[in-house]
Amino acid sequence: MARKKEYIEEEVVEKAMNLFWKKGYDTTSMQMLEKEMGINKFSIYSSFGNKNGLFIAAMKLYRRKLGQITNKLKFSNNGITGIKEYFYDFIPFSEDKGLCKGCLITNTANEVNEDANQLILMEIEKFSSEIRQLFLSNLKQHQNKDVQTIENQADYLLVSMIGLATASRICNETQLNNYIENTFNRL
């Protein structure tokens, strides 16, 4: 007879997500996860298979939580202004007790290489593609732009968002605001 889980899976995944977000994938050990999640290795392996499986669950939860600002952009009719709001909305989203953690997905992309787990790499690519698509959709609201310009600007904004996510970990509010304003002055 299978044992009943003594924890709520989404709660422990959220704890793991926050730990991965703060410490990074490679730096986060199974011992750290056990302590943070309040469950033992057996439970982690039983529920998630391994550290990679837990991390993928954490990445999916992160994307759902980020949905509070990506959905706003998805349903925006404000074109470039909507994208700029997304950039500004990201900063408070990424904060935790005054510490800006950046973006879990961007942090991971900066940390891993081509030898990383393929499922993790696929999640990073899927996330990047979805954000780029949101930028494309909003840029297309400006009918005076040709397709190539819209494609180029979507790429520029995606790379700029990665830069903002990275910079948000070390720069102050004024610097981040200047970064955003300069990004959109170039469109």
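Further up the page is the structure itself.
Below or above, wherever it landed, is the structure these notes cover. (Residues numbered from 1 in each chain as written. Predicted model: local features only at pLDDT ≥ 70, side-chain atom pairs only at ≥ 80, totals over all residues. Heavy atoms only, no water.)

Quick notes on the overall build of the chain
Point 1. If you tally the helices and strands in the chain, you get nine helices and two strands.
Point 2. Over its C-alpha atoms, taken along the principal directions, the chain stretches across nearly 65 × 35 × 30 Å.
Point 3. Across the chain, contacts joining residues at least 24 apart in sequence account for 66% of those joining residues at least 6 apart.
Point 4. Carbon together with sulfur atoms contributes 49% to the accessible area of the chain, which is approximately 10,600 Å² in total.
Point 5. A gap of 4 Å separates the mean positions of the 24 positive and 23 negative side-chain charges of the chain. (Helix = DSSP H or I, 4+ residues; strand = E, 2+ residues; numbered from the N terminus. Contact = heavy atoms within 4.5 Å. Areas by Shrake-Rupley, 256 points an atom, 1.4 Å probe, with all protein chains shown as cover. Lys, Arg positive; Asp, Glu negative; His and termini not counted. Charge placed at Lys NZ, Arg CZ, Asp CG, Glu CD.)

Quick word on the packing of aromatic side chains
Point 1. Throughout the structure, instances matching the rule amount to 10 aromatic pairs.
Point 2. Centre to centre, the rings of Trp21 and Phe93 are 5.9 Å apart; their planes meet at 40°, and the pair counts as tilted. Of this pair, Trp21 sits in helix 1 (residues 9-23) while Phe93 sits in helix 5 (residues 80-93), and the two are 72 residues apart along the sequence.
Point 3. Ring geometry for Tyr86 and Phe135: centres 6.0 Å apart, planes at 75°, overall edge-to-face. Of the two residues, Tyr86 is situated in helix 5 and Phe135 in helix 7 (residues 118-139); the sequence distance between them amounts to 49 residues.
Point 4. Here Tyr86 falls in the buried class, since its relative accessible area comes to 3%.
Point 5. We classify Phe135 as buried; its relative accessible area is 0%.
Point 6. Taken together, the ring pairs in this structure connect Trp21, Tyr62, Phe90 and Phe93 into an aromatic cluster.
Point 7. Directly above the aromatic system of Trp21 lies the positively charged group of Lys101, at a separation of 3.8 Å from the ring centroid. (Phe/Tyr/Trp six-rings, centres within 6.5 Å; stacked < 30°, edge-to-face > 60°. Buried < 20%, exposed > 50% of the residue type's maximum accessible area, 1.4 Å probe, protein only. Lys NZ or Arg CZ within 6 Å of the ring centre and 35° of its normal.)

Looking at helix 8 (residues 147-167)
Point 1. Taking 1.5 Å as the rise per residue, helix 8 with 21 residues should run 30 Å; its terminal C-alpha atoms sit 30 Å apart, in good agreement.
Point 2. Along helix 8, the positions that sit buried rather than exposed are Ile150, Gln153, Ala154, Leu157, Leu158, Ser160, Met161, Leu164, Ala165 and Ala167.
Point 3. Tucked inside the fold, the buried residues of helix 8 contact helix 5, helix 6 (104-111), helix 7 and helix 9 (173-185).
Point 4. Regarding helix 8, its N-cap is Asp146, as a side-chain oxygen of that residue lies 3.1 Å from the backbone nitrogen of Gln148 further along. (Expected span 1.5 Å × (residues − 1). Polar contact = N/O pair within 3.5 Å; in protein donor to acceptor, adjacent residues only side chain to side chain.)

A few points about the packing of helix 4 (residues 51-74) against helix 6
Point 1. Their axes nearest at 10 Å, the elements helix 4 and helix 6 cross at an angle of 140°. By the angle between their directions, the pair helix 4 and helix 6 is classed as oblique. Within the contact between the two elements, helix 4 uses Phe55, Ala58, Met59, Tyr62 and Arg63 and helix 6 uses Leu104, Ile105 and Thr108.
Point 2. Looking at side-chain class alone, the contact of helix 4 with helix 6 contains six nonpolar, one polar and one charged residues. (Axes fitted to C-alpha atoms, helices over the stretch in contact; angles between N-to-C directions. Parallel < 35°, antiparallel > 145°, perpendicular 65-115°, else oblique. Nonpolar A, V, L, I, M, F, W, Y, C, P; charged D, E, K, R; others polar.)

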